[in-house]
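Observations on chain architecture
Residue strings, one per chain:
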Amino acid sequence: MMRKIRIILEMIKFEHSLFALPFAFVGAILGSVMMLDRLPSWAEIGWITVAMVGARSAAMALNRLIDRAIDARNPRTANRAIPAGLIGIPEVVVFIIVSFALLFLAAFNLNPLVVRLLPIAVFALIFYHYTKRFTWLCHVILGFTIALAPLGGWLAITGEAGPAAWLLYVSVAFWTAGFDIVYACQDAEFDREAKLHSIPARFGIRRALVIARIFHVIPAFGFLALFWMTDLSFGYLVGALIALGILAYQHTLVKPEDLSRVNMAFFSMNGTLSVVIFAFTLFDLVVLHRW
């Protein structure tokens, strides 16, 4: 049993929950301070963590399950757990059910609005896996799905979303879409042969990298705009500028003729960016403002 659990956690890259979880905390903390004049309780933060782990685990396991035939044909992914025969479909299905159960349990311990919105969240978590079968805008759909993390964190505490919440949502959506385009460059040739849709497959790797840079202009302005739209001060601004530097630097790591550092750009840089935004937001509101 423990061996199968380790295989599943490796299969879904559990450690990469680091991408979205810090932004969920940003949404929760910023929304709570702006709209309720308080910090979230430890219980609220705990349930948001459970919700995020459940949602992200379910989504990644679904991805591996739904794409198992595609993964088996792609040399880059053929050694993943399901096509390699390391784990069976029934075990993955059980894991997905348990993960969604965690999401539902957490939602019922947070805001009633979050419970009412659960069907939309579950639909998004399932639907986006199929989008590369019919549209090269799959990266954008993925982005707006992942960006439910900060919006959900905000709504879980406050029960309503103002302009700053939607700005954070859109910023995280295009941040995610941009780095997903970079990651998809690895499979551009395979996607064309398999008749799958992606921006690199549709426009070529060189143009795809340009589109990714254009997409990342939106979070660059969005993260800075939050400084003006909220109670955040210079402490957050320093973090936002560092994040912009990381955003720019990751685009120097990947070139059309050299994709060898995609994983560094995709995993290391983006994981660092989300932690930086969260850490400086927390520092600004807790230390500088003493909430």
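Predicted model, so just to flag it, every value in this text is computed and none were measured. (Residues numbered from 1 in each chain as written. Predicted model: local features only at pLDDT ≥ 70, side-chain atom pairs only at ≥ 80, totals over all residues. Heavy atoms only, no water.)

1. Overview of the overall build of the chain
Within the chain, the secondary structure is distributed over 14 helices and zero strands. The order of helices and strands in the chain, counted from the N terminus, is α-α-α-α-α-α-α-α-α-α-α-α-α-α. Relative to the 2.2 N^0.38 estimate, which gives 19 Å for 291 residues, the radius of gyration of the chain is 19 Å and therefore close to what a compact globule would have. Counting only C-alpha atoms, the chain reaches 55 × 40 × 30 Å along its principal axes. For the chain, contacts bridging at least 24 residues in sequence account for 74% of all contacts bridging at least 6. The centroid of the 23 positive side-chain charges in the chain is displaced by 6 Å from the centroid of its 17 negative side-chain charges. (Helix = DSSP H or I, 4+ residues; strand = E, 2+ residues; numbered from the N terminus. Rg over C-alpha atoms; globule rule 2.2 N^0.38 Å. Contact = heavy atoms within 4.5 Å. Lys, Arg positive; Asp, Glu negative; His and termini not counted. Charge placed at Lys NZ, Arg CZ, Asp CG, Glu CD.)

2. Topic: the nonpolar core
One recurring pattern in soluble globular proteins is that nonpolar side chains are buried together. Counting 94 residues, the largest nonpolar core has I48 and L273 as the members making the most contacts within it. The biggest single contributor to this core is helix α9 (residues 163–184), with 13 residues. (Core = buried A, V, L, I, M, F, W, Y, C linked by side-chain atoms within 4.5 Å. Buried < 20%, exposed > 50% of the residue type's maximum accessible area, 1.4 Å probe, protein only.)

3. Let's talk about the pattern of salt bridges
Taken as a whole, this structure holds five salt bridges when the rule is applied. Here R38 and E44 are joined by a salt bridge, their closest N and O atoms 3.1 Å apart. A relative accessible area of 30% means that R38 is categorised as partly exposed. Taking the relative accessible area as the measure of exposure, E44 reaches 17% and is therefore buried. Of the charged contacts, one joins R133 and D67 as a salt bridge, the two residues approaching to 3.1 Å between their closest N and O atoms. One end of the pair, R133, is in the loop between α6 (112–127) and α7 (138–146); the other, D67, is in the loop between α3 (42–66) and α4 (68–73), with 66 residues separating them in the sequence. Among the charged side chains, a network of salt bridges with common partners joins D67, K132 and R133. (Salt bridge = Lys/Arg side-chain N within 4 Å of Asp/Glu carboxyl O.)

4. Side note on unusual backbone geometry
The phi torsion at D37 lies on the positive side, around 60°, for a residue other than glycine. Locating D37 in the fold gives a position in the loop between α2 (21–36) and α3. With a relative accessible area of 54%, D37 lands in the exposed category. Its identity is not glycine, yet K195 carries a phi of approximately 60°, on the positive side. Checked against the element boundaries, K195 lands in the loop between α10 (188–193) and α11 (199–203). Judged by relative accessible area, which is 68%, K195 ranks as exposed.

5. Structural notes on the side chain of R64
Considering the arrangement of structural elements, one finds R64 in helix α3. This buried residue, R64, is left without a salt bridge; D71 holds the nearest opposite charge, at 5.2 Å. Within the structure, R64 has its side chain in polar contact with the side chain of N63 (distance 2.8 Å). In this view, R64 contacts M11, K13, D71, R80 and I82; residues no more than four positions away in its chain are not counted. (Polar contact = N/O pair within 3.5 Å; in protein donor to acceptor, adjacent residues only side chain to side chain.)

6. Describing the state of the cysteines
Considering all chains together, one arrives at zero disulfides under this definition. Of all cysteine sulfurs, the one in C185 lies closest to C138, which takes part in no disulfide; the gap is 12 Å. With relative accessibility at 9%, the residue C138 sits in the buried group. (Disulfide = S-S within 2.5 Å.)

7. Points about α9
An α-helical segment advances 3.6 residues per turn. Residues three or four places apart therefore align on the same side. With 22 residues, α9 should reach 32 Å at 1.5 Å per residue; the first-to-last C-alpha distance of 31 Å fits that figure. Taken across its 22 residues, α9 has 18 buried, putting it largely inside the fold. (Expected span 1.5 Å × (residues − 1).)

8. Things to note about the packing of aromatic side chains
Think of a pair of aromatic rings as described by two things: how far the centres are apart, and how the planes are tilted against each other in angle. Under the defined criterion, the tally for this structure stands at twelve aromatic pairs. Ring geometry for F174 versus F215: centroids 5.3 Å apart, planes at 90°, classification edge-to-face. Linking F174 in helix α9 with F215 in helix α12 (residues 205–229), this pair joins segments that are 41 residues apart in sequence. F215 shares its class with F174; the two are buried. On the numbers, 4.8 Å between centres and 75° between planes, the contact of F227 with W228 is edge-to-face. Accessibility expressed as a relative area gives 71% for W228, which makes it exposed. Three or more aromatic residues joined by ring pairs make a cluster, and in this case those are F144, W166, Y169, F174 and F215. The positively charged end of R202 is found above the aromatic ring belonging to F203, 4.8 Å away from the centroid. (Phe/Tyr/Trp six-rings, centres within 6.5 Å; stacked < 30°, edge-to-face > 60°. Lys NZ or Arg CZ within 6 Å of the ring centre and 35° of its normal.)

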